[in-house]
Amino acid sequence: MQIREPSHDERQLFDLACSAQRTSYHPHSRFRVGAALRTHDGQIHTGTNIDNASYPVSVCAEVSAVSAAVTQGAKRIETVAVVGEADSVSPCGQCRQLLSEFATSTTTVVYRWQGEMISVPLTVLLPHGFELR
Ligand code: THU
């Protein structure tokens, strides 16, 4: 599986990421990010970025969404959608590793790249991710 056009469900998830983006707390970066994910049992969770005056303390939108999902008992993520205020926004390296903890070989990430919405397997974004085994 490689990069492809998003399915109807993936587009709906992207719309939810856009909604989550509206509550972004971004006084320092001035960059709004939203994330939405669907778990393997069909739950939907969203998150937004939370800036901090001490920059490294800032929380990514994906981290917010994964925190919400795991708090509700989620174990496996099927799809994640991420949106930011630019034509090309994909999860940062740290978020790719975070997502890989809850991913399967078919987990996809939906985002806009050069203005076009695409669906990309997480394994393409993070080949050979770190695992403890
Ligand atoms: N950010 C995310 O929400 N997700 C990413 O994958 C990368 C960066 C946020 C963190 C910070 O609030 C802002 O974008 C600028 O780095």
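About the criteria used
- Residues numbered from 1 in each chain as written.
- Predicted model: local features only at pLDDT ≥ 70, side-chain atom pairs only at ≥ 80, totals over all residues.
- Heavy atoms only, no water.
- pLDDT = per-residue confidence, 0-100.
- Helix = DSSP H or I, 4+ residues; strand = E, 2+ residues; numbered from the N terminus.
- Pairing = 2+ DSSP bridges.
- Axes fitted to C-alpha atoms, helices over the stretch in contact; angles between N-to-C directions.
- Buried < 20%, exposed > 50% of the residue type's maximum accessible area, 1.4 Å probe, protein only.
- Near = heavy atom within 4 Å.
- Polar contact = N/O pair within 3.5 Å; in protein donor to acceptor, adjacent residues only side chain to side chain.
- Areas by Shrake-Rupley, 256 points an atom, 1.4 Å probe, with all protein chains shown as cover.
- Salt bridge = Lys/Arg side-chain N within 4 Å of Asp/Glu carboxyl O.

S.K.: For the confidence of the model for the protein, give the residues involved together with the corresponding values.
M.R.: In the predicted model, the protein carries a mean pLDDT of 97, and the fraction of residues at 70 or more is 99%. Put simply, strand 4 (residues 103-113) is where the protein has its lowest mean pLDDT, 97, and strand 1 (residues 33-39) is where it has its highest, 99.

S.K.: Before we move on, could you go through the sheet that holds strand 4 and cite the residues and values that matter?
M.R.: Taken together, the five strands give an open sheet; going across it, the order is 2-1-3-4-5, and neighbouring strands pair in mixed fashion. Taken across any chain shown, the strands that pair with only one partner, and hence form the sheet edges, are strand 2 (44-48) and strand 5 (116-121). Across this sheet, the average inter-strand angle for adjacent strands is 15°, counted without regard to direction. Two elements, strand 3 (residues 77-84) and strand 4, share four bridges in a ladder whose sense is parallel. In the sheet register, Val 80 faces strand 4, and the bridge partner there is Val 109.

S.K.: Just give me the short version of unusual backbone geometry, but keep the residues and values in it.
M.R.: The phi dihedral of Arg 30 is positive, around 55°, even though this residue is not glycine. For Arg 30, the location among the structural elements is in the loop between helix 1 (8-21) and strand 1. Classification of Arg 30 by relative accessible area gives exposed; the value is 64%.

S.K.: Can you tell me about the site of the ligand, naming the residues and giving the values?
M.R.: Taken together, the residues surrounding the ligand are Ser 29, Phe 31, Val 33, Asn 49, Asp 51, Cys 60, Ala 61, Glu 62, Pro 91 and Cys 92. Note that an oxygen atom of the ligand is positioned 2.5 Å from one of the side-chain N or O atoms of Asp 51. Contacts to the ligand include Ala 61, whose backbone N or O atom sits 2.8 Å from an oxygen atom. For the ligand, whose unbound accessible area comes to 370 Å², protein coverage reaches 76%.

S.K.: Go over the pattern of salt bridges with me, naming the residues and quoting the values.
M.R.: One pass over the full model with this rule turns up three salt bridges. A salt bridge links Glu 131 to Arg 133, with the nearest nitrogen and oxygen atoms 3.0 Å apart. According to the relative accessible area criterion, Glu 131 is partly exposed, its value standing at 49%. Of the residues examined, Arg 133 reaches a relative accessible area of 87% and is grouped as exposed.

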